[in-house]
Amino acid sequence: MSTNAFSLPSDAALATLLPPQDSAFTPIDGLRRLRDAGLDQLPLPGHGATLRRWQMLAAIAAIDLSLLKLYEGHTDALAILAELGGPGAPAGSSWGVWSADMPDARVRLRQMADGRHVLDGRKAWCAGAHGLSHALISCWNDAHQACLATVDLSQPGVRVTDEGWQAIGMRACASVDVTFSAARVFPVGAPGAYLERPGYWHGSAGIAAAWYGAACAIASHLHARAQHAAPDPVRLAQLGQIDCALRAAGALLREGAAEIDAHPQRDAMALALRLRLAVEDAATLVLHLATRALGAGPLCRDAHFARLAADLPVFLRQSHAERDQAVLGGIVAGAEEHPWTL
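Right, let's walk through the structure included here. The structure displayed is predicted, hence computed values, not measured ones.

Notes on the overall build of the protein
Secondary structure summary: the protein contains 11 helices and seven strands in total. On C-alpha atoms alone, the protein measures out to a radius of gyration of 21 Å, which is about the 20 Å that the 2.2 N^0.38 rule sets for 342 residues. Along the longest, intermediate and shortest principal axes, the C-alpha atoms of the protein span 75 × 55 × 40 Å. Expressed as a percentage of the 342 residues in the protein, the buried residues total 48%. Within the protein, residue pairs in contact and separated by at least 24 positions form 71% of the contacts whose partners lie at least 6 positions apart. Each charge sign in the protein was given a centre, from 28 positive and 33 negative side chains, and these centres are 4 Å apart.

Shown next, in the form of structure tokens:
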């Protein structure tokens with residue numbers, strides 16, 4: 001089916017599909033339910049419905065950020081395979097994108113004499129490794145070129161460890177280390193294609209939509225309290241600050257999605273950095289103000305709020321903070337005129 005025919009499910013439909021937050025349901029179970037319902041067939045970035053894609057990411061993030069982490073990885077993998085002309089995902093498969101590199105955790109791509117490609121080494125930050133069936137993994141060939149390959153995680157040459165994750169936040173996404181020993185893989189695209197394609201920054205910008213969805217869910221608890229409690233000038237002031245921050249961030253996301261759809265082949269690095277940095281600031285402010293306004297109650301007694309409050313600060317650290325600000329500042333400084341005319 002055409003992914004641009006995707007229809008956003010209602011909140012009620014999502015609530016029916018996904019169980020209550022205090023159940024024993026795991027993020028991988030949630031991903032499989034979303035996949036089986038066809039809700040992983042999102043519009044591809046830059047194909048005219050990028051906002052709809054981001055709205056779905058925001059909706060899942062508002063429910064559970066560990067589930068979102070797996071869902072975003074799976075849907076990002078499908079978009080990458082489509083953009084680079086990779087193989088179609090087998091029916092019933094669930095995918096991750098494992099592209100983080102650490103100095104002591106790089107994997108090597110080798111081509112054997114019979115033409116097969118195999119992978120060796122250790123990969124860190126492998127979200128969902130214990131439950132996924134496949135992954136797109138970044139690796140390095142013998143010419144020291146960055147490559148991308150698909151790997152079936154059920155084969156003997158893949159070992160999923162319990163190592164590499166100590167945080168309480170985002171613990172349910174199980175972002176552990178995985179080791180590979182002559183594991184059979186299939187390269188996707190030419191060396192360097194993963195980072196050079198337009199969709200790399202489109203996907204990076206989509207993470208900001210997830211942060212935004214989680215921030216809105218946290219803010220909704222304060223909104224509900226303000227509706228049903230006696231008027232409190234301090235709490236209303238905090239809600240007013242949150243409204244300004246989220247509306248500004250939401251406007252940037254809508255503008256960014258429209259720009260990607262209008263110019264899908266344009267370098268979207270500056271756009272993605274701007275969205276991520278603006279939404280990071282907004283989400284950080286929301287978390288700060290909402291917890292001050294609501295006190296310890298929801299942090300200790302509301303499972304949904306407590307989980308979001310623990311997960312969001314960890315997830316936000318996908319941002320490179322001041323380093324990304326410096327990169328964006330360099331791009332702005334290189335423009336002939338300032339870009340802020342109304």
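Here we look at the side chain of His 134
Among the structural elements, His 134 can be located in strand β4 (residues 134–140). His 134 gets classed as buried once you look at its relative accessible area, which sits at 14%. The contacts of His 134, once residues within four sequence positions are left out, are Pro 90, Ser 93, Ser 94, Trp 95, Gly 96, Val 151, Asp 152 and Leu 153.

Re the environment of Asp 162
Along the chain, Asp 162 falls in the loop between β6 (158–160) and β7 (176–187). Between the alpha carbons of Asp 162 and Ser 175 there is a distance of 9.0 Å; along the sequence they are 13 residues apart. Once you skip the residues sitting within four places of it in the chain, Asp 162 turns out to touch His 130 and Val 176. There is a polar contact of 3.0 Å between the side chain of Asp 162 and the side chain of His 130.

Re the packing of aromatic side chains
Tallied over the full model, the rule gives three aromatic pairs. Taking the centre distance of 5.9 Å and the plane angle of 85° together, the rings of Trp 125 and Trp 165 count as edge-to-face. On the criterion of sequence distance, the pair formed by Trp 125 in strand β3 (residues 117–126) and Trp 165 in the loop between β6 and β7 is long-range, its members being 40 residues apart. Consider the rings of Tyr 194 and Tyr 200, whose centres lie 5.6 Å apart with planes at 85°: the pair is edge-to-face. Since its relative accessible area comes to 27%, Tyr 200 is described here as partly exposed.

Let's talk about the nonpolar core
Of all hydrophobic cores here, the largest spans 88 residues; its most connected members are Leu 34, Trp 54, Met 56, Tyr 71, Trp 98 and Phe 180. Top contributing element to this core by residue count: helix α8 (residues 269–294), with 15 residues. When neighbours within four sequence positions are excluded, Trp 54 is seen to be in contact with His 202, Ala 205, Gly 206, Ala 209, Leu 253, Gly 256, Ala 257, Ile 260 and Leu 275. Membership of the second largest hydrophobic core comes to 11 residues, among which are Leu 84, Trp 95, Leu 148 and Tyr 194.

Parameters at a glance
- Residues numbered from 1 in each chain as written.
- Predicted model: local features only at pLDDT ≥ 70, side-chain atom pairs only at ≥ 80, totals over all residues.
- Heavy atoms only, no water.
- Helix = DSSP H or I, 4+ residues; strand = E, 2+ residues; numbered from the N terminus.
- Rg over C-alpha atoms; globule rule 2.2 N^0.38 Å.
- Buried < 20%, exposed > 50% of the residue type's maximum accessible area, 1.4 Å probe, protein only.
- Contact = heavy atoms within 4.5 Å.
- Lys, Arg positive; Asp, Glu negative; His and termini not counted.
- Charge placed at Lys NZ, Arg CZ, Asp CG, Glu CD.
- Polar contact = N/O pair within 3.5 Å; in protein donor to acceptor, adjacent residues only side chain to side chain.
- Phe/Tyr/Trp six-rings, centres within 6.5 Å; stacked < 30°, edge-to-face > 60°.
- Core = buried A, V, L, I, M, F, W, Y, C linked by side-chain atoms within 4.5 Å.

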